[in-house]
Amino acid sequence: MSLLVRDGLLVSQDGLVRADLLLEEGKISRLEDRIAVRGSVDVLEVSGKLVLPGAVDPHVHMGFRFLGEGSCDDFPMGSRAALAGGTTTLLDFALPELGQGLQHAVSSRVDEGLRGTHADFGVHCIVREISDSVLAEIPTLVAAGVTSFKVFTAYDEQHLRLDAGELVPLFEVVGRAGGMITVHAEEPSIVNRCTGQFVAKEDVRPGNHPAARPAIAESAMVALVIEIAGATNCPVYFHHISTARAVSLIGAAKAAGQPVYAETCPHYLLLDAGLYKQENAVDYTVSPPLRQRVDQERLWEGIRDGDIDTVGTDHCPFHREQKRKTAEDFTRVPNGLSGVEMRLRLLYSAGVCEGRISTKHWLDVCCKNPAYLFGLSPSKGEISPGADADLVVFDPEPCVRVESKRQHSACDWDPYEGLEVQGAVTGTVRGGEVVWWEGAFRSAVPGRYRPRGPSGGSGA
Ligand code: URP
Ligand code: ZN
């Protein structure tokens, strides 16, 4: 079936461009000022609305296990929330069991995704142990479309952490194979010492979570990882950057020509550490923690000057009851927040409408750059003939208060509850099908697994 998207304001690198789009067989086949069609073509009138490429979220955790709890959105629920928010492609993670091979973990995670996702998805592969056999798997995985490998430098208690001596050979192998390393950057001895001080004093109230994971833990690890990546010729991408100092270190590495990339998240841009003084502080347990206003300003500036490449959500929500079960001890609270449904709207409202960023930056960090950096371009992240027919129809006008009960995540609360947000996702098109329109899901076409090319290369 063909679909004509009539009279949209396409968000492009050069501002807004009024045009028609013809979608055929899951692809964009034509982009012209005015397309005249004959025969049986459905028409979607979108006059006055913005049209973006389907957004790509480079960082989600569907059904992630943390301190004995599973994050409450699985692939079916989380991907529906994503579509309602204009995100058509998700990058989740394959996490090997201890002792398990990487390929095995990737295959199981892809199968899990295929059993229920409504969005397209790819996986980064987490590496939590280094051995000759693990390193030997990497070139084959890269060739098969798993081109990014995530390391945690914190979370000892979850057996996720690699140390610097383990990062070096991994970075060498990934760099040689043409892949990219992605990093959760927190210096563990700082985190462990600061956390240990609260534990020793038996003062583990949730309000102490940010002091247990201070800004210097992030910046110290960012500096070390930049050094390792430079010495091993490996491109590196930092997840969920939260501090001003880390942005400056990343900016300096970029200016020196190193392939270093950074993501921040809506919660670091919009929420701050003041929330840890509230009675419901425990709900905002996320790592890295929320920071100061000065960090927020630097993160916005980072988007403007290109030091921040993407805004991912780190979508990893837990019900209030899951968060509050262990509320008397922040070291036992599952970490994570939701964001997948709100990302595009929050960045438009707090970013574009409030004059912090342009529509081009909005397009870049939510759509184009995540696709480009993770080897999904030119199929994803752009509107051009030959690209996947994944689109967002965005109404810039309405001003709506966030209410978790109107959202599509399984989670029973939302970090932005009550916030007035300008702009709404009128419609989402994935693979040429209208999957979400004016507040209702239309067709339930299963999402596909998307093997990826090298960073900046051509995705399948
Ligand atoms: O608190 C967080 N960020 N939870 C999800 C896991 C991670 O660290 O990305
Ligand atoms: Zn992380």
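Right above here is the structure, for reference.
Quick look at the structure, then. Going along each chain's sequence as written, the residues are numbered from 1 onward. Chain letters start at A and ligand numbers start at 1, both assigned in the order the entries are written. Reporting of local features is limited, given that this is a predicted model, to residues whose pLDDT is at least 70; pairs of side-chain atoms are given and counted only at 80 or more, and all residues count toward the totals for whole chains, interfaces and linings. For side-chain calculations, the full set of non-hydrogen atoms in the structure is used, while hydrogens and water are omitted.

1. Looking at the pairing of strand β1 (residues 2–12)
- We call a residue buried when its accessible area falls under 20% of the maximum for its residue type, exposed when it is over 50%, and partly exposed in between, using a 1.4 Å probe and counting protein chains only. In this description a helix means any DSSP run of H or I spanning at least four residues, a strand means any run of E spanning at least two, and both kinds are numbered starting from the N terminus. Burial analysis of β1 places 11 of its 11 residues in the buried class, which makes it a mostly covered element.
- At least two DSSP bridges between two strands are required for those strands to pair. Of the pairings in the sheet, the one linking β1 to strand β4 (residues 41–45) comprises five bridges and is parallel in character. Of the residues in β4, the one forming a bridge with valine 5 is leucine 44.
- Sheet topology places β1 next to strand β2 (residues 15–24); eight bridges connect them, and they run antiparallel. Note on β2: the bridge partner recorded for leucine 3 is leucine 23.
- Hairpin connection from β1 to β2: two residues lie between these consecutive antiparallel strands.
- Two strands pair when backbone bridges link them, and β1 and strand β5 (residues 50–53) are joined in this way by two bridges, in the parallel orientation. Among the inter-strand pairings, leucine 10 is bridged to a residue of β5, identified as valine 51.

2. Points about the coordination of the zinc ion (ligand 2)
- At this site the zinc ion (ligand 2) is bound by His184 (ND1) and His240 (NE2), with donor distances of 2.1 to 2.2 Å.
- Note that the zinc ion (ligand 2) binds four donor atoms; their angles at the metal cover 56 to 145°, and the shape is irregular. You can see histidine 184 sitting in strand β12 (residues 180–184) and its partner histidine 240 sitting in the loop between β13 (236–238) and α8 (244–255), a full 56 residues away along the chain.
- Looking at histidine 184, the relative accessible area reads 1%, which means it is buried. Any N, O or S atom lying within 2.8 Å of the metal counts as a donor, with the limit raised to 3.2 Å for Na, K and Ca; because water is left out of the atom set, some sites can appear incomplete. Between 85 and 135 degrees for all angles marks four donors as tetrahedral; over 155 degrees for opposite donors together with 65 to 115 for all other angles marks four donors as square planar and six as octahedral; every other arrangement is irregular.

3. Examining the packing of helix α2 (residues 102–114) against helix α3 (residues 132–143)
- Here an angle of 0 to 180 degrees is reported between the N-to-C directions of two axes, which are lines fitted to C-alpha atoms, with helices fitted over the stretch in contact. Their axes nearest at 9 Å, the elements α2 and α3 cross at an angle of 50°. Judged on the interaxial angle alone, α3 and α2 are oblique. Facing α2, whose interface residues are Leu102, Gln103 and Val106, α3 presents Val134, Glu137, Ile138 and Leu141. Every angle not falling under 35 degrees, over 145, or within 65 to 115 is termed oblique; those three ranges are roughly parallel, roughly antiparallel and roughly perpendicular. Whether two residues are in contact is decided by their heavy atoms, any of which lying within 4.5 Å being enough.

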